[in-house]
Amino acid sequence: AMAGRADPGGVLSGLLQKSTSNLPKEISVDDKLRDLGCTGIGRKIAEAEMDIAKAKSEGYLWGNGTGGTGTEGSSRKKFLAVIGVYTGFGSRLKRNTFRGSWMPRGDALKTLEEKGVVIRFVIGRSPNRGDSLDRNINEENRKTNDFLILESHEEAAEELPKKVKFFFSAAIEAWDAEFYVKIDDNINLDLAGLIEMLNVRRGSHGLYMGCMKSGAVVSEEYVLSYLLSSSSFCIQTTQMASI
């Protein structure tokens, strides 16, 4: 309505200045993340990228040729399960007991793999690389061909927590499977029962099966044995949350 006329008293100029002052300020992505309280997420992403780069350098990821089928992607054979039996240098008697009971040997082990189930004894390397401990495992493996040797893992008590990471990383790289199973060498496994249970749960994404301890961490051996035998601390099937 004021077009073509003088602006008496500077009313229009005042309105324009007020309108301009009310325009939202330009903010950066970092500013927005800070406003939303998401700066921690950015830090975690950066840390994850560093972990991935480190994992690649240590041979944890696909395509590094550290064993298995020798194929990648869609051409890899799909297995039902890879079962890793944790073992140590002084456990040869236990391994032989397993080989004579629930764990197939020789051609039977190969036949089981053809049906989709891989079983391997999982062990690292001696702190003194190449010593008699390493040589004995190499010789045993030449005869039985049922080991997954973690070349990057040092088989020592203080290094045991890292063994889980090394096992799953190596197993995932070597075999494409629906399930990856970790057991200790003091457990007699109902192999047929496990295979039947896993077959029923094919395609269950993010599925965790196992025992989980609730409450305070304990170190006394007799207390730990009691807790692990208590069904109240066991969760058979739990959907894991996405992270």
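Provided above is the structure to which this section pertains.
Residues numbered from 1 in each chain as written. Predicted model: local features only at pLDDT ≥ 70, side-chain atom pairs only at ≥ 80, totals over all residues. Heavy atoms only, no water.

**Student:** Outline the environment of Lys 110, supporting the account with residue identities and numerical values.
**Tutor:** As for its placement among the helices and strands, Lys 110 is situated in helix α5 (residues 106–114). Overall, Lys 110 belongs to the exposed group, its relative accessible area being 51%. Sequence-wise, Lys 110 and Asn 145 are 35 residues apart; in three dimensions their C-alpha atoms are separated by 9.9 Å. (Helix = DSSP H or I, 4+ residues; strand = E, 2+ residues; numbered from the N terminus. Buried < 20%, exposed > 50% of the residue type's maximum accessible area, 1.4 Å probe, protein only.)

**Student:** Account for the packing of helix α4 (residues 92–99) against helix α6 (residues 132–144), naming residues and giving values.
**Tutor:** It is at 13 Å that the axes of α4 and α6 come closest, and there the two elements cross at 10 degrees. Between α4 and α6, the angle falls in the class roughly parallel. Here Arg 92, Arg 95 and Arg 99 of α4 lie close against α6, whose contacting residues are Ile 137, Glu 140 and Thr 144. Among the residues forming the contact of α4 with α6, the class breakdown is one nonpolar, one polar and four charged. (Axes fitted to C-alpha atoms, helices over the stretch in contact; angles between N-to-C directions. Parallel < 35°, antiparallel > 145°, perpendicular 65-115°, else oblique. Contact = heavy atoms within 4.5 Å. Nonpolar A, V, L, I, M, F, W, Y, C, P; charged D, E, K, R; others polar.)

**Student:** Go over helix α7 (residues 160–174) with me, naming the residues and quoting the values.
**Tutor:** Between its first and last C-alpha, α7 extends 21 Å over 15 residues, near the 21 Å set by a 1.5 Å rise per residue. Taken as a whole, α7 has its buried residues at Lys 163, Phe 166, Phe 167, Ser 169, Ala 171, Glu 173 and Ala 174. Tucked into the core, α7 has its buried residues touching β1 (78–86), β2 (117–125), β3 (147–154) and β4 (176–184). (Expected span 1.5 Å × (residues − 1).)

**Student:** So, the sheet that holds β3: which residues are in play, and what are the values?
**Tutor:** Judged by pairing direction, the sheet is parallel, and its four strands sit side by side in the order β3-β2-β1-β4 without closing on themselves. Unpaired on one side and paired on the other, β3 and β4 mark the two borders of the sheet. Each strand of the sheet is rotated relative to its neighbour by a mean of 30 degrees, with strand direction disregarded. Pairing of β1 with β2 involves six bridges; the strand directions are parallel. The partner of Val 85 across the bridge, within β2, is Phe 121. Along the sheet, α4 contacts β1, β2, β3 and β4; its crossing angle with β2, the most-contacted strand, is approximately 175 degrees. Running at roughly 140 degrees to β1, helix α8 (residues 191–200) makes contact with β1, β2 and β4 of the sheet. (Pairing = 2+ DSSP bridges.)

**Student:** Any chance you could break down the nonpolar core for me, citing the residues and the numbers?
**Tutor:** Core analysis: the biggest nonpolar cluster contains 24 residues, and Ile 83, Val 85, Trp 102 and Ile 119 have the highest contact counts within it. For this core, the elements supplying multiple residues, two or more each, are β1, α5, β2, β3, β4 and α8. Judged by nonpolar contacts, the second largest core, of 13 residues, contains Val 82, Val 118, Phe 167 and Ala 177. (Core = buried A, V, L, I, M, F, W, Y, C linked by side-chain atoms within 4.5 Å.)

**Student:** So, the pairing of β1: which residues are in play, and what are the values?
**Tutor:** With eight of its nine residues buried, β1 lies for the most part within the structure. In this sheet, β4 lies alongside β1 in parallel orientation, the contact comprising eight bridges. From the neighbouring strand, Tyr 86 faces β4, where its bridge partner is Asp 184.

**Student:** Tell me about unusual backbone geometry, and please be specific about residues and values.
**Tutor:** Backbone geometry follows two general trends: most residues other than glycine have a negative phi, and most peptide bonds adopt the trans configuration. Within the chain, Asn 145 stands out as a residue other than glycine whose phi angle is a positive 55 degrees. Structurally, the position occupied by Asn 145 is in the loop between α6 and β3.

**Student:** Explain the environment of Gly 88 residue by residue, including any values.
**Tutor:** You can see Gly 88 is positioned in the loop between β1 and α4. On a C-alpha basis, the gap between Gly 88 and Ala 156 in space is 9.2 Å, while along the polypeptide they are 68 residues apart. When sequence neighbours within four positions are dropped, the list of residues in contact with Gly 88 reads Arg 95, Ile 123, Glu 155 and Asp 185.

Shape is all these values report; function is a separate question.
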